[in-house]
Amino acid sequence: MNLDGHDEPWRRVARAAGLLGPHDDRGAPSPTIFAEMSALAARTGAINLGQGFPDTDGPASLLADAAAAIAGGANQYPPGRGVPELRAAVAAHRTRYGFDLDPDTEVLVTAGATEALTASILALCGPGDEVLLLEPYYDSYVAAVALAGATPVPVPLQWPSFTVDEAALAAAVTPRARLLVLNSPHNPTGRVLSVAELDAVARLAVAHDLLVLSDEVYEHLTYDAPHVPIATRPGMAERTISVSSAGKTFSVTGWKIGWLHARADLVDAVLAVKQYLTYVNGSPFQPAVARALTLEDWFVSAADSLRAGRDLLVGGLSAAGFEVSVPEGGYFVIADAAGLGFADGRALCAQLPTLCGVVGVPFQAFLRPGAAASSLVRFAFCKRPEVIAEASARLARLAG
């Protein structure tokens, strides 16, 4: 069957993610910007500060526990909701925020946070529904909304503060609004939303009976302010699906072990979709992650290490002539190249390997297709200190 000329689901998703033009009905979509930039780094030998993955491994005990589980035969399908040990560990871990979860009915293990987010959107939204997204946003959000047949409604966060504008958010709500996707600590900006901002979101969600999908994968990677889950705010526990994962927390992004928690009927709805996506995954990794969730010292050391990397890269970018928005959490820093004479971040990112041997990701990748060109670039600091120091020295060439 020839698919050209038809608005097949894959084409709708690719178009929503900015991988096809609005009228491009031929050919396959381009790779994501993250794959594109990583391939550019590999091809040119540039330092890859584009895609957000660490260049060191997580805690030794976590790796040893996974190896022991593999050797011990934990290699077949785990239960559909996830290994009981991990579900119990997630429930215990979330008591730090005041939650009292039933691991059997209110916790679901997923193939990373991305599956948790996608399955939630597919389970809860459909044609005619609107999904509010704080823009910039991680690209999988809008792709999942498109796959569900729903309509994304971006609410811009403005450079350089990237704070939530309660009035703008309220103005974006219509009677068709079904879901609000929240991400704090935020990718790509690094904002950790304040309690005042979370309460503004909560008031809006309660007033309009919105569900909230909260992406909290960077919950332990905060530097200047603590993470506060939106589900702890008044009226939000019963209407929030909270998502996190092991990948960012423990520097094992390739393991794809994530989880969500919510009231039981919402978990059931997401499970009904999730079981037809990956079904299950990561059997030997799940008990290893369960034990790692008790490693309180790791949470502190990982955040301290990343804070040092952030400060090193912010200093290097500032010295190179970028204006920088200092992130409060996560893996990334946003820098403005306008002062260096570059008006288009996408064009600059294509030239950076030649100009200085570094790769970043253009800010446009996190905006709706067709958004105005931006001189902003995202750089990752989840790298070893010597790598960031070398990248900073290379970026300094731009100042000349």
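See the structure shown above.
Read on for an overview of the structure. Just so it is clear, the structure is predicted and the values come from calculations on it, not from any experiment. (Residues numbered from 1 in each chain as written. Predicted model: local features only at pLDDT ≥ 70, side-chain atom pairs only at ≥ 80, totals over all residues. Heavy atoms only, no water.)

Some thoughts on the overall build of the protein chain
Worth spelling out the cut-off: In DSSP terms, a helix is any run of H or I states spanning at least four residues, a strand is any run of E spanning at least two, and both are numbered starting from the N terminus. Three labels apply to residues, based on accessible area from a 1.4 Å probe with only protein chains included: buried if under 20% of the type maximum, exposed if over 50%, partly exposed otherwise in between. It only takes one pair of heavy atoms within 4.5 Å for two residues to be counted as in contact. For the accessible areas, the method is Shrake-Rupley and the probe is 1.4 Å, while residue cover comes only from the protein chains on display. Note on charges: Lys and Arg go in the positive column, Asp and Glu in the negative column, and His and the chain ends are not counted at all. Where a charge lies is defined by one atom per residue type: Lys uses NZ, Arg uses CZ, Asp uses CG and Glu uses CD.
Each helix and strand in the protein chain was counted, giving 14 helices and 13 strands. Its C-alpha atoms give the protein chain principal-axis dimensions of about 60 × 50 × 50 Å. Residue burial in the protein chain is summarised as follows: out of 400 residues, 55% are buried. Put simply, of all contacts in the protein chain between residues at least 6 apart along the chain, 73% involve residues at least 24 apart. A total of about 15,700 Å² of accessible surface is found on the protein chain, and carbon and sulfur atoms cover 56% of it. Placing the 29 positive and 41 negative side-chain charges of the protein chain at their respective mean positions leaves the two points 3 Å apart.

What about helix α5 (residues 112–124)?
For clarity, the threshold we go by: Residue count minus one, scaled by 1.5 Å, sets the expected span of a helix.
Taking 1.5 Å of rise per residue, the 13 residues of α5 would be expected to cover 18 Å, and the 19 Å separating its terminal C-alpha atoms lies within 8% of that figure. With 10 of 13 residues buried, α5 lies mostly within the body of the structure.

Some points on the sheet that holds strand β13 (residues 376–380)
Within a sheet, neighbouring strands are paired by backbone hydrogen bonds and run either parallel or antiparallel to one another. For clarity, the threshold we go by: Only when DSSP finds a minimum of two bridges between them are two strands counted as paired. Only C-alpha atoms enter the line fits that serve as axes; for helices the fit covers just the stretch in contact. Angles between N-to-C directions range over 0 to 180 degrees.
Across the sheet, 4 strands lie side by side as β9-β10-β13-β12; this open sheet has antiparallel pairing. Strand pairing shows two members of the sheet lacking a second neighbour, β9 (323–325) and β12 (361–362), which therefore form its edges. Note that strand β10 (residues 332–336) and β13 share 5 bridges and pair antiparallel. Across the sheet, the residue bridging to Ile334 is Arg378, located in β13. Here helix α13 (residues 345–356) sits on the sheet and contacts β12 and β13; the angle it forms with β13, its principal contact strand, is near 45 degrees.

Things to note about the nonpolar core
To keep things clear, this is the line we draw: Joining through side-chain atoms within 4.5 Å is the link that ties buried Ala, Val, Leu, Ile, Met, Phe, Trp, Tyr and Cys residues into a set, and such a set is a nonpolar core.
Among the nonpolar cores identified, the biggest contains 99 residues, and Phe250, Leu313, Leu317, Phe322, Phe379 and Leu395 are the most heavily contacted of them. Element by element, the count of residues in this core is highest for helix α12 (residues 296–320), at 8 residues. In contact with Leu313, other than residues within four places in its own chain, are Leu49, Val333, Phe379, Ala380, Phe381, Ile388, Ser392 and Leu395. In terms of nonpolar packing, the next biggest core, distinct from the first, is built from 27 residues, Leu134, Leu204, Ile230 and Leu367 among them.

Overview of the pattern of salt bridges
The line we're drawing: Counted as salt bridges are all cases of a side-chain nitrogen of Lys or Arg within 4 Å of a carboxyl oxygen of Asp or Glu.
Applying the stated criterion to the full structure yields 22 salt bridges. With a closest N to O distance of 3.1 Å, Glu219 and Arg94 form a salt bridge. Placement of Glu219 in the loop between β6 (211–215) and β7 (240–245) and of Arg94 in the loop between α4 (84–93) and β2 (107–110) is noted, with a sequence separation of 125 residues between them. Across this residue pair, the class does not change: Glu219 and Arg94 are buried.

Looking at the packing of aromatic side chains
Test applied: The aromatic pairing rule takes the rings of Phe, Tyr and Trp, using the six-membered ring of Trp, and pairs them if the centres are within 6.5 Å, calling planes under 30 degrees apart stacked, those over 60 edge-to-face and the rest tilted. Charge-over-ring placement is defined geometrically: NZ (Lys) or CZ (Arg) within 6 Å of the ring centre, and within 35 degrees of the ring normal.
Overall, the coordinates contain 14 aromatic pairs when judged by the stated rule. Measuring from ring centre to ring centre gives 5.8 Å for Phe34 and Phe366, while their planes differ by 55 degrees; the resulting arrangement is tilted. In this pair, Phe34 is assigned in helix α2 (residues 33–44) and Phe366 in the loop between β12 and β13, connecting sequence segments 332 residues apart. Judged by its relative accessible area of 8%, Phe34 falls in the buried class. Judged by centre distance (5.9 Å) and plane angle (75 degrees), the rings of Tyr331 and Phe332 are edge-to-face. By the burial criterion, Tyr331 is buried, and Phe332 matches it. A connected cluster of aromatic rings, assembled from ring pairs, spans Phe34, Tyr138, Tyr141 and Phe366. Above the plane of the ring of Phe332 lies Arg378, whose end atom (NZ or CZ) is 3.4 Å from the centre. Lys383 extends its terminal NZ or CZ atom over the ring of Phe53, reaching a point 3.9 Å from the ring centre.

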